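Notes for the structure review
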Amino acid sequence: MYHITALADMKAFSRQARLTGKKLAFVPTMGALHEGHLSLVGRAKEGCDAVVVSVFVNPTQFGLEEDLARYPQDLAGDIEILSPLRVDVLFSPSAADMYPQGFETFVAPGSLAASLEGACRPCHFRGVATVVLKLFNIVRPDVAYFGQKDFQQTLVVQRLIEDLNLDVQLIVCPIAREPDGLARSSRNAYMSASERQAALVLHRSLRRAEELFRAGETKAGRILEEIQKVLATEPQAKVDYVALVEPTRLQPVALVTPGSLALVAARIGAIRLIDNTFLGSPGRYDDPRRTGRP
Ligand code: AMP
């Protein structure tokens, strides 16, 4: 595995891969790699000839009040985890190279970025869209792999690809979970034992939604109420939002149908967690050839 930090070296690798006719996969991450990231790498290896994984904690997607300074970073650990996987490149640019003095151009995502995560984190998707476009321009991948865990992000990126005519295929991969159901996240390791236990309430609340829908409940109001009720059983959980939406425009639904998406975001102590699930259509992203286009 090459470890590349210079932007020019990354571009050179990519140019060479294209010249030799290789299909190039890209898995962008913020590091502190876990099984969720590795499931994306697994899909990337299956579908392409060469795989680039980036590790870059992107400052522009964090608000001033957020946890940029505390975000877990462990490049040595990431190298150790990736080495046996025979990934072709680990690309870890510096913030100074990505955002040099004088940088002032941002991508402004539209209405898809306004609700949910966008409402809680006002400049988040502007930072995400900007860094994703920059990384796509540097890595020039044929296929990029993103996780359903950040569902809204997949829609914003798909929109970015279409609106700005990028030649990248987006593949969305299912949520990797801990054995007890907690969605894997770089932030999980930072929870105390009691917070870790409390965090399970997110998954539990979504399971309750699935259960109700399977039992025939279709009124979104009723299901949302039940999700809130489950979340309220955990005093350490401070809910940011609960939503039932259709998964193309993220519009709230009044009646739930198969394929509607339930999302929750909550803070457990200082850790902010998100999770989501499709109701009545498990395995939506289980086929690796499916794109993020709903
Ligand atoms: P992050 O490092 O958290 O920015 O995540 C990098 C990529 O990994 C994003 O596309 C995430 O959606 C994806 N990802 C993070 N956690 C998981 C998970 N538990 N399952 C699947 N994908 C994930």
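Just so you know, the residues in each chain are numbered from 1, in the order the chain's sequence is written. Since the coordinates come from a predicted model, pLDDT governs what is reported: local features require at least 70, and pairs of side-chain atoms require 80 or more to be given and counted, while whole-chain, interface and lining totals use all residues. With hydrogens and water set aside, each side-chain value is computed from the structure's full complement of heavy atoms.

Any two strands with at least two DSSP-identified bridges between them are counted as paired. Per the convention used, a helix needs a DSSP run of H or I reaching at least four residues, while a strand needs a run of E reaching at least two, with both numbered from the N terminus. Here three strands make up an open sheet; going across it, the order is β7-β8-β9 and the pairing antiparallel. This sheet does not close on itself; its edge strands, each paired only once, are β7 (237-245) and β9 (271-278). Looking at each pair of strands side by side, their axes are set apart by 10° on average, direction ignored. Where β7 and strand β8 (residues 261-268) come together, eight bridges link them in antiparallel fashion. Residue pairing in the sheet places Ala243 in a bridge with Leu263 of β8. For helices, the axis comes from a line fit to the C-alpha atoms of the stretch in contact; other axes are also lines fit to C-alpha atoms, and the angle between any two N-to-C directions lies between 0 and 180 degrees.

What follows concerns empty space enclosed by the protein. Using a grid of 1 Å spacing that covers the protein atoms alone, one calls a set of points a cavity when a 1.4 Å probe fits there but cannot get out, and a pocket when the set is open and has protein on both sides within 12 Å along at least five of seven lines; lining residues are those with an atom within 4 Å of a point. Grid points are joined across faces, edges and corners, and a volume is the space filled by probe spheres set on the points. Per the counting criterion, the structure on display carries one cavity of 30 Å³ or more. Here the largest cavity defines a volume of roughly 40 Å³. Around the largest cavity sit Lys149, Leu182, Ala183, Leu202, Leu273, Ile274 and Asp275, which together line it. If you tally residues by element for the lining of the largest cavity, the top one is β9, at three residues. Only Asp, Glu, Lys and Arg are considered charged, only Ala, Val, Leu, Ile, Met, Phe, Trp, Tyr, Cys and Pro nonpolar, and every remaining residue, Gly among them, polar. Residue composition of the lining of the largest cavity, grouped by class: five nonpolar, no polar and two charged.

Right, let's talk about the packing of helix α1 (residues 7-19) against helix α6 (residues 124-139) for a bit. The relative placement of two packed helices is expressed as an angle between their axes plus a distance between the axes. With their axes 7 Å apart at the nearest point, α1 and α6 run at an angle of 55° to one another. One element, α1, and the other, α6, form an angle in the oblique class. Two secondary-structure elements touch here, α1 through Leu7, Met10, Lys11 and Ser14 and α6 through Asn137, Ile138 and Val139. Looking at side-chain class alone, the contact of α1 with α6 contains four nonpolar, two polar and one charged residues. Geometric relationships in this document are graded by angle, where less than 35 degrees denotes roughly parallel, more than 145 denotes roughly antiparallel, 65 to 115 denotes roughly perpendicular, and other angles denote oblique. Contacts: residue pairs with any heavy atoms within 4.5 Å of one another.

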